[in-house]
Structure formats: C-alpha cells, structure tokens
Amino acid sequence: MSGSALPLPQRLPLLPLATGLLALLLWELLVRWARIPNVLLPSPGSVAGSLWLAAPQLAWHGLATGGAAVGAFVVAVAAGLVLATMMMLWPLVNRLLYPNLLLFQLLPKVALGPLFVVWLGIGLPSLLAFAVFVSVFPVAIGMLTGLRAADANQVRMCQAAGGSNWQVFRHIRLPTAMPYGFAGAKVAATMAFTGATVGEFISANAGLGYMVMQAQAKSDTPLIFAALAVLCLLGAGLYAAVGVAEDAARRRWGTRR
Amino acid sequence: MPDTSALASEAVRFQAVGKTFPTRPHPLRAVESVSFSVRRGEFVSILGPSGCGKSTLLMMAAGLETPTEGRLERGGVALEGPHRQTGVMFQDATLLPWLSVLDNVLFPAVIRHIPRAKVLDQAMRLIETVGLKGFEHSRPHELSGGMRQRAAICRALVLDPDLLLMDEPFSALDAITRDEMGDVLLDLWQHTHKSAIFVTHSIREAVLLADRVLVMSRRPATVAEELVVPFPRPRSPALADTAEFAALVAHLRGVIARSMAA
C-alpha cells in the first residue's frame, strides 16, 4: 500500500463530468428507443422524478444512513488508530492481535452481518457495530503498516538524540504513517457506508438500505435508483471530507515524498 | 549531580570492549577487546574495511549499542545510553523529509525539550557556516546529497556537544562532494575544538582530519595499528597535495594491507 501515490482531487472535474452526463444521455436514449420497462431499468428522467417526489423521505432516510455511517466511521478510525498504536508500542499486543486481524481482513466480513442481528437484535446497535466492524480493519492495518514503514536510520537518529520509545513514535513513526492512515481512512469511509447499508438491508426500519428493500418489494425501481443516488452522494461526501482533512494535515505537517 | 565529566581528561574511553550479536545459527563476533581513548579536543579517525565492525564500535560510543564485554566510559563515567553532550552523524543524512532544513537542525532540541528560542541562534549560525543560508525553509528533497549532509552536520552540532561521532558520513556522496565535505568538516572542527571519532574507509579523509588514526583489523574488529598524524594545525585542504601527506597515506595503505593479510 503506497499512501503517497494516491491522486489528488482534480481541480476542474469538467472532463469526467462531461463523460458522466454523456452516459446519462445515452442511457436515457437507450431506455426510450428500446422501450425498456421502468421496472427493469428506469430512465434517468424517471429517477430524477422519483428523487423530486420522494425528496422528504430520501432526506430523512439519508440522514439516518449518513448518521450511522459517519458515526461508525469515526469510531472505526479512532479504534483503528488505537489498535495500531498499541500493536506498535507493545510487541505482546501485536503478537496477540496482528495475525487475527489479518485473518479477519481476509474474511468476507459482510457475510457476518446476520450474526450481529443474532447478537444485538434488530436496530441501531447491531447496525452500528456491524458498520464499525467492516471499516475498522483498513484503518488498523494501514496505520500499522505505516508505523512500521518508518525508516530504520531515522529511528536510530532519533534514539541517538536521546529519543524515548514514545518520542520515536511521535516524531518519526507517526509522520511516516500519516499517508498510510489516510489511505486506510478513505477505504474505511467507503466501508462504513457499505456496512451501514447492508446493515439496513438486514436489520433496520429506517435508512436508505431499508428504503431500497421497501421499494424493491413494491417494484418501484426508480425509487431504488433514487436511493442509490443519494447513497453515492453521501459516500462521496465523506470520502471528500477525508481528502480535505488529509490536505490540511499535509499542509500542516508537511508532505512525505 | 556534580559534573564529573569536566574533571576527566578523556572524552571517551574503551576498556577491553567486545561485542557479540546473538545472531543465529552462529553468534556474530563484531568487536574483539578494543581499548583506546579519545582525549578532550582530540580528533581520532578509525580506518578499516567495510563490515569490519567499526560502525558497531561507534554505535557503542553513541550509546545505541551496549558492549557485551569490557567497559565504556564517557567523560570518566560509565556510559549508559545516548549522551546529551554527544552529536552523531550517520552514513545517510537521515533528515526527516516532512521537516524544513531548520526544523531538522533543531530536532535534537525538540527531543531534549529545549526551547526553540534558546538554540535558534546557534542553529542559524551553523547553517550559515556550512553554506546553507537561504535554504532554512527548504525541504530535504530540494537539496543535493552534499547539502543534506551539511544540514546533518548542523544537527549534530546544534546542542554544542563536546563529542562528535561520525559513521562514514560522506560515504554516500560522490568523490568531489566528498572531498568538499571533508574540507567543510576540517574548517568547522578547527574552530570548535571538540572531541571527535570519525569512522571512514577513506585514507585521505582519515589523515587530513585526524590527530590520530586507528587502523582496524578484519572482523572481529581490533585495533591493528595506531598512528599519530604529525601535521600541525590549522591544516588546510592543500595539505593533501603535499609529498609528506602522500607518504603517510602510502604508509597507511601498507599497514592496512598487512592487517588484512594477518
């Protein structure tokens, strides 16, 4: 994982925007020309209609999903940072946890969703716990990788200057790990929304995931698309917020080349 | 605690120091019963082939490695870990890429919890002395290899240590920059009169800079030969072009060849 190679957001997203609009146009034309039924594939126009008509509902359920995902994201980042720090500073903790973390990372974590319902019941607690569970790993593993990537010579230099373990951590390892941590947080931002939505599929009475299930039951495909559009927007928003935080951190603490 | 170091006439003293690394399957004997001392204000060069254990010797003096045998004294007191009055330079400049040149130079003050204002003047003076004025706010990646090592010299000296330890500090530089850095160091050291241990495999550097040269044997490292450099100070880089200098370098080359054959 190379944190420094991540592309910065482009300043003028005109070209990708044009591609997107063109795709929407082709989609609209295709649906009209081939007379595809709305239940199968709604045209962008009818999705926009749904967005407009269901706006209050979408806003309400979007708030529920967004709140759950952002909450889970914050908890996952905090827990991931604490886990990585503990594994770095205490070899015993590392030996106890690291192989298990890797094992969990390999697991299709989403498949464990129903277990959370078994343990925590239907509702917000199981939803949040599940969303935290799926998004904590990229932060913990990314951060630990970054902390370990610290240059051995720089560590020696710090020790020679009289640096304690904590100072080596604070002044060498942490700055080195910053890009890795942000890369992990970006993955976690996406995973938190995935976790929240899947959680809502299986155990909720609010949220966009719940709304999608309801719309599906009523064969209201345009509404499914409308909910997904809101979900995309929310996910992109959180991702962008992490990007802004990363830029600010880089400006404040300098870039690592 | 009384400052006993002021009483001792020796900055560093190695007494039958040995070091074995517990590597597997066979422990690695890096240093074998080394005894020597560095007087206050003396510049000692340690000359030896790559991988002979001379770096280990220096890392022990820096307090980063503990001897497995013998005794190591710093200013008359047993050394236990990195010493506040010791500056260290490594093969690599080891500047922190996320800090400016100035912040890199000030780094030891941060670690020792010394207020920035107290050492800022000293840092700026050093930066000017080594010719980095105007680059204080540059990042290390904007500097050449030689400039980075100059910043590393400033960092090693910023807390005004009485002992400077250098582990082949110019070995990663090209030949021209390398000679140039030797001259910078010579100039700098002659104005400060600190004690210094300089590990190198360049005979020219060793002789030009040092009052005394220790030639190390192959691993495990022992002192194979000790040679006092007779040239008076202050020396200038032009000294390296004299016949006497060339003769001493040739003599040392012979000594090294014999110690290798032994």
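On a predicted model such as this, the values are computed, not experimentally measured, just so you know.

### Concerning the overall build of chain B
Here is step 1: For chain B, the helix and strand inventory stands at 8 helices and 10 strands.
Here is step 2: In terms of overall size, chain B behaves like a compact globule, its C-alpha atoms giving a radius of gyration of 18 Å where 262 residues would be expected to give roughly 18 Å.
Here is step 3: Taking contacts inside chain B between residues at least 6 apart in sequence as the whole, the part at least 24 apart equals 74%.

### Considerations on the interface of chain B and chain A
Here is step 1: Facing 18 residues of chain B, the contacting portion of chain A comprises 17 residues.
Here is step 2: Looking at the side of chain B that touches chain A, the element that brings in the most residues is helix α3 (residues 107-111) of chain B, giving 3 residues.
Here is step 3: For the side of chain B that touches chain A, the per-class residue count stands at 12 nonpolar, 2 polar and 4 charged.

### Some remarks on the sheet that holds strand β4 (residues 69-74) of chain B
Here is step 1: Read from one edge of the open sheet, 4 strands run β2-β1-β4-β5 (chain B), paired in antiparallel fashion. Of all the strands in the sheet, just β2 (28-39) and β5 (77-78) of chain B have a single pairing partner and so form its edges.

### Things to note about the nonpolar core
Here is step 1: Judged by nonpolar contacts, the single largest core of 141 residues is most densely connected at Ala 131 and Ala 192 of chain A together with Ile 197 of chain B.
Here is step 2: If you tally residues by element for this core, the top one is helix α6 (residues 124-148) of chain A, at 15 residues.
Here is step 3: Those residues in contact with Ala 131 of chain A that lie beyond four places of it in its chain are Ala 68, Ala 69, Ala 72, Ala 192, Gly 195, Ala 196 and Gly 199 of chain A.

### Points about the confidence of the model for chain A
Here is step 1: Considering every residue of chain A, the mean pLDDT works out to 89; 94% of them sit at 70 or more.
Here is step 2: Under a pLDDT of 50 for its full length, residues 1-6 of chain A has, in the predicted model, 13 contacts with residues more than four places off or in other chains.

### Description of helix α5 (residues 145-157) of chain B
All names here are of chain B.
Here is step 1: Across its 13 residues, α5 extends 19 Å between first and last C-alpha, which sits within 8% of the 18 Å expected from 1.5 Å per residue.
Here is step 2: The buried fraction of α5 amounts to 11 of the 13 residues, a majority that puts the element mostly inside the structure.
Here is step 3: Buried residues of α5: Met 147, Arg 148, Gln 149, Arg 150, Ala 151, Ala 152, Ile 153, Cys 154, Arg 155, Ala 156 and Leu 157, and no others.
Here is step 4: Buried-residue contacts for α5 involve β6 (86-89), α2 (101-105), α3, α4 (116-129), β7 (163-167) and α6 (175-192).

### Side note on the sheet that holds strand β10 (residues 223-228) of chain B
Residue and element names in this part refer to chain B.
Here is step 1: Within the open sheet, the 6 strands sit side by side as β6-β7-β8-β3-β9-β10. Their pairing is mixed. Looking along the sheet, the strands with just one partner apiece sit at the ends: β6 and β10. On average, each strand axis in the sheet is tilted by 15° relative to the strand beside it, whichever way the strands run.
Here is step 2: Examined bridge by bridge, strand β3 (residues 43-47) and strand β9 (residues 212-216) share 4 bridges and lie parallel to one another. Across the sheet, Ile 46 pairs through a bridge with Leu 214, a residue of β9.
Here is step 3: Sheet strands in contact with helix α1 (residues 54-61) are β3, β7, β8 (195-200) and β9, and its direction is about 155° off that of β8.

Cut-offs used in this document
Residues numbered from 1 in each chain as written. Chains lettered and ligands numbered in written order. Predicted model: local features only at pLDDT ≥ 70, side-chain atom pairs only at ≥ 80, totals over all residues. Helix = DSSP H or I, 4+ residues; strand = E, 2+ residues; numbered from the N terminus. Rg over C-alpha atoms; globule rule 2.2 N^0.38 Å. Contact = placed C-beta atoms within 7 Å. Nonpolar A, V, L, I, M, F, W, Y, C, P; charged D, E, K, R; others polar. Pairing = 2+ DSSP bridges. Core = buried A, V, L, I, M, F, W, Y, C linked by C-beta atoms within 7 Å. Buried ≥ 20, exposed ≤ 12 C-beta atoms within 10 Å, placed from the backbone. pLDDT = per-residue confidence, 0-100. Expected span 1.5 Å × (residues − 1). Axes fitted to C-alpha atoms, helices over the stretch in contact; angles between N-to-C directions.

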